[in-house]
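This is what each chain is made of:
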Amino acid sequence: MKIILDDLKIKYEAPMGMTFNNKFVISIAYNPVQHDRTKHVKIDLHFIKEKMDIGLIVTKYIPSKLQLADMFTKGLSTKHFKDLTCKLRLIDIHSPA
């Protein structure tokens, strides 16, 4: 994201935020102790850890029910879907409102 913003000549000096709904992922990012369950993310883990150490990336826990990406990747109840679309300021043009 930082590279894209730089290419667009947009100055953004704050750390890039990464949100996760899994506290285990966040703990691995801060303490990359290698476990059998993390072998497949070995290269990515070191890349993220390096960026966190220099202050380019910060992580934040967001509960699953508040993850906006879920509306694009999971089947949700109508109420949950509408709650998420409101956060993105999307409107249903077919809704009789």
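In the block above lies the structure referred to throughout.
Description of the structure in this document.

The rules behind each value
- Residues numbered from 1 in each chain as written.
- Predicted model: local features only at pLDDT ≥ 70, side-chain atom pairs only at ≥ 80, totals over all residues.
- Heavy atoms only, no water.
- Patch = residues over 30% accessible without salt bridge, like charges linked within 9 Å, V, L, I, M, F, W, Y side chains within 5 Å.
- Areas by Shrake-Rupley, 256 points an atom, 1.4 Å probe, with all protein chains shown as cover.
- Salt bridge = Lys/Arg side-chain N within 4 Å of Asp/Glu carboxyl O.
- Buried < 20%, exposed > 50% of the residue type's maximum accessible area, 1.4 Å probe, protein only.
- Helix = DSSP H or I, 4+ residues; strand = E, 2+ residues; numbered from the N terminus.

**With respect to a nonpolar patch on the surface**
Thought 1: Residues M1, I4, L8 and I10 make up a contiguous nonpolar surface patch of roughly 430 Å² in combined accessible area.
Thought 2: Judged by its relative accessible area of 55%, L8 is exposed.

**A short note on unusual backbone geometry**
Across the chain, the bulk of peptide bonds are trans and the bulk of non-glycine residues have phi less than zero.
Thought 1: The phi dihedral of K9 falls on the positive side, at around 60°, and the residue is not glycine.
Thought 2: Examined against the element boundaries, K9 turns out to sit in the loop between α1 (2-7) and β1 (16-20).

**Structural notes on the pattern of salt bridges**
Here the idea is simple: oppositely charged side chains can pair when their charged atoms come close.
Thought 1: For the structure shown, the criterion picks out 2 salt bridges.
Thought 2: Among the salt bridges present, the one from E50 reaches K51, with a minimum N-O distance of 3.7 Å.
Thought 3: For E50, a relative accessible area of 45% puts it in the partly exposed group.

**Here we look at the side chain of T85**
Thought 1: Looking at the secondary structure, you find T85 in helix α5 (residues 78-87).
Thought 2: Exposure remark for T85: the relative accessible area of 12% places this residue in the buried category.

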